[in-house]
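Inside the fold
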Amino acid sequence: MPTDVIMPQMGESIVEGTITKWLKKPGDRVEKDEPLFEISTDKVDAEIPSPVAGILTEIKIPEGATVGINTVVAVIGSSASTDKTSAHATDIVMPQMGESIVEGTITKWLRKVGDHVEKDEPLFEISTDKVDAEIPSPVAGILTEIKIPEGATVEINTVVAVIGGIIGAATHAAGTKPVESATVKSAAPAIENAVSIPAPAPAAHEGRPIRSSPLVRRIAKENKLDLNRIPGTGSNGRITKEDALRHLSQYGPGSSSAPAAPQPPPPPLSGDLVPMTKMRAIIAQRMVESVRTSPHVHTVYKVDMTRIVRLREREKAAFQQRNGFNLTYMPFIATAAIEALRRFPIVNASLVGTSIQYHQNIHLGIAVALEWGLIVPVIRQAEQRKFVDLARTLADLALRARTKKLLPEESTGSTFTLTNAGVFGGEFGTPIINQPESAILAIGGLRKEPVVLTDSEGNDTIAIRSVQIYCLGFDHRLIDGADSGRFMLEFKKVLETWDRKLD
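Owing to the predicted nature of the structure, the values given are computational and were not obtained by experimental measurement.

Conventions we followed
Residues numbered from 1 in each chain as written. Predicted model: local features only at pLDDT ≥ 70, side-chain atom pairs only at ≥ 80, totals over all residues. Heavy atoms only, no water. Helix = DSSP H or I, 4+ residues; strand = E, 2+ residues; numbered from the N terminus. Buried < 20%, exposed > 50% of the residue type's maximum accessible area, 1.4 Å probe, protein only. Areas by Shrake-Rupley, 256 points an atom, 1.4 Å probe, with all protein chains shown as cover. Expected span 1.5 Å × (residues − 1). Phe/Tyr/Trp six-rings, centres within 6.5 Å; stacked < 30°, edge-to-face > 60°. Lys NZ or Arg CZ within 6 Å of the ring centre and 35° of its normal. Salt bridge = Lys/Arg side-chain N within 4 Å of Asp/Glu carboxyl O. Core = buried A, V, L, I, M, F, W, Y, C linked by side-chain atoms within 4.5 Å. Contact = heavy atoms within 4.5 Å. Pairing = 2+ DSSP bridges. Axes fitted to C-alpha atoms, helices over the stretch in contact; angles between N-to-C directions.

Of the regular secondary structure elements, the protein holds 8 helices and 25 strands. Counting only residues that meet the buried cut, the protein has 45% of its 503 residues in that class. In the structure as shown, the protein presents an accessible area of about 25200 Å², 52% of it carried by carbon and sulfur atoms.

See below:
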């Protein structure tokens, strides 16, 4: 049976005490009479021993708090190996992340046995053939057992962990530890330049004490957020979880200072045989299938981006001030692609058997490079969006892709894809089609070059211009060279003669 640990009375006139330090943490085994916590009263400072032997399953009063005598400050549970669960135990199952998903791979446990987790706090990361995601805890409590280690693939609805009840003795006795995935890192992954993190938020508390919960402080620590810059909407200015997540969505990780450049994972040593991750294996399978399915042809066009570069430089400060996020080049490129797709719908079509499926809408896929693979979030009905809405959606999807917050339906159903081959400095790339689409546009690196300009009278001059190379990969079963050429000329025209408002 669980045993309540109370604040003791340290003298006849003592009515309260302050917990100055916990000597054990939830999940730890304690022996009878072993020091459990330290208290301070107006008469004495003392170590308080555990009244029983068992597992410390819950700490109810944090360090620094003052409570009256006989207040329950902690709970110690039985450590009997046969007592694995209690009436309050909650099974955590592998969720179904989409209608066609039947299994998932646990890539990382974010908490360890004995940790206290809050409801909706991220508990573990999974990878499926549709999406990588963080799975939140359905309840608050102590993580008492991890049943499935990192790297294991299990069917949906499989119990992967238990929250509540008694610490699973088998978990400790067998020495079970989650297997550290060789490819999953906690650092922010590399990402294409669809997103620029806005400038840091101004100080919000102006020297006043910062009130926040342990969950908020954990979110801040893991994402390098400055709590002093997050306005609190809770009681007495307390920073809530929603405040922290809103700040993270708006300003991104590392918003207390300039974002650090993402670091690649350490390469394997020569001779190492490293198994593929679930995502890497799926990408490999899809790429081979695409090359076998579609006869790929590529056409390359150079676009003078000087007009766009100058416009962005002139407008980016006001745009950020109006909308709360940075103006990047991607919404210009996406707009031009959407306009060209509207003019030439064959490039937005798919081949279904011996028929051509002309799609009613343009569902624009944006390939995002992650440190552990590749994912393609989708902007649905992109042709109906205004420029600022398109820009905001690009920023939001890319940020949530790299922080594993995408929903399954947000990475399926695209009809045409943009991929940024130039983000790493390359001139251009020859992309593989994202099936069942029929075309994909690769964006090359933006750089200055000497260009020959011809005026209306035929006179030639040399000028320094900002240029970018774009490569369209297309399925030659459906799209002819003439179709691809007309599409790329329209795309090029929109960018080189841009005359649209940024709203």
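Over its 14 residues, helix H6 (residues 330-343) extends 20 Å from the first C-alpha to the last, a length consistent with the 20 Å expected when each residue adds 1.5 Å. Counting buried positions along H6 yields 11 of 14 residues, so the element is predominantly enclosed. Every buried residue of H6 is accounted for by Met330, Pro331, Phe332, Ile333, Ala334, Thr335, Ala336, Ala337, Ile338, Ala340 and Leu341.

Scanning all chains against the criterion turns up 9 aromatic pairs. When the centroid spacing of 5.9 Å and the interplanar angle of 70° are considered together, the rings of phenylalanine 387 and tryptophan 498 count as edge-to-face. With phenylalanine 387 in helix H7 (residues 387-402) and tryptophan 498 in the segment after helix H8 (481-496), the pair connects residues that are 111 residues apart, well separated along the chain. One aromatic cluster in this structure is built from Phe319, Phe325, Phe332, Phe387 and Trp498. In this structure, arginine 312 is placed above the aromatic ring of tyrosine 329, and the distance from its NZ or CZ to the ring centre is 4.7 Å.

Glancing now at the pattern of salt bridges. The tally for this structure, following the rule as stated, stands at 26 salt bridges. Salt-bridge contacts for arginine 500 lead to glutamate 339; the nearest nitrogen and oxygen are separated by 3.8 Å. Here glutamate 339 lies in helix H6 and arginine 500 lies in the segment after H8, a separation of 161 residues in the sequence. Among the ionic pairs, aspartate 389 bridges to arginine 385, the shortest N-O distance being 3.3 Å. Aspartate 389 sits in the partly exposed class, given a relative accessible area of 28%. Members of the salt-bridge network, linked through shared partners, are Arg111, Lys112, Asp115 and Glu121.

On to the nonpolar core. With 75 residues, the main nonpolar core has Val160, Phe416, Leu418, Tyr470 and Phe491 as its most contacted residues. A per-element tally of this core places H6 first, with 9 residues. Leaving out residues up to four positions away in the same chain, leucine 418 has contacts with Met330, Ile333, Ala334, Ala337, Leu364, Gly365, Ile366, Ala367 and Leu441.

This part covers unusual backbone geometry. Cis geometry is adopted by the peptide bond preceding proline 436, which originates at glutamine 435 and carries an omega value of 5°. The topology assignment puts proline 436 in the loop between strand S23 (416-420) and strand S24 (439-454). The backbone of asparagine 70 shows a phi angle near 70°, a positive value even though the residue is not glycine. Mapped onto the secondary structure, asparagine 70 falls in the loop between strand S7 (66-68) and strand S8 (72-77). Judged by relative accessible area, which is 53%, asparagine 70 ranks as exposed. With phi around 50°, glutamine 381 is a residue other than glycine that occupies positive phi space.

It is worth spelling out the environment of isoleucine 210 at this point. Among the structural elements, isoleucine 210 can be located in the loop between helix H1 (169-173) and helix H2 (214-223). Assessed through its relative accessible area of 37%, isoleucine 210 is described here as partly exposed.

What follows covers the pairing of S23. Among the 5 residues that make up S23, 5 are buried, leaving the element largely enclosed by the rest of the structure. A two-sided burial pattern is seen for S23, the buried positions comprising Phe416, Leu418 and Asn420 on one face and Thr417 and Thr419 on the other. Here 4 bridges tie strand S20 (residues 364-370) to S23, and the two strands are oriented parallel to one another. Residue isoleucine 366 lies in a different strand from S23, and its bridge partner there is leucine 418. Looking at chain direction, S23 and S24 are connected through 4 bridges and run parallel. Opposite threonine 417, over in S24, you have isoleucine 440 as the bridge partner.

Here 3 bridges tie strand S2 (residues 16-22) to S7, and the two strands are oriented antiparallel to one another. Counted as the bridge partner of glutamate 16 is glycine 68 from S7. Pairing between S2 and strand S4 (residues 35-40): 4 bridges, direction antiparallel. Across the sheet, the residue bridging to threonine 18 is serine 40, located in S4.

So, about the sheet that holds strand S10 (residues 103-109). A sheet is described by the order of its strands in space; here 4 strands give the open sequence S13-S12-S10-S15, paired in antiparallel fashion. One side of each edge strand has no neighbouring strand; the edge strands of this open sheet are strand S13 (132-136) and strand S15 (153-155). Across the sheet, the mean angle from the axis of one strand to that of its neighbour is 40°, orientation sign disregarded. Pairing analysis gives 4 bridges linking S10 to strand S12 (residues 122-127), with the strands arranged antiparallel. Note that in S12 the partner of lysine 108 across the bridge is glutamate 125.

Time to look at the sheet that holds S7. Pairing between the strands of a sheet is mediated by backbone hydrogen bonds and can be parallel or antiparallel. With antiparallel pairing, 4 strands are arranged side by side in an open sheet as S5-S4-S2-S7. Each edge of the open sheet is held by one strand with a lone partner, namely strand S5 (45-49) and S7. Looking at each pair of strands side by side, their axes are set apart by 40° on average, direction ignored.

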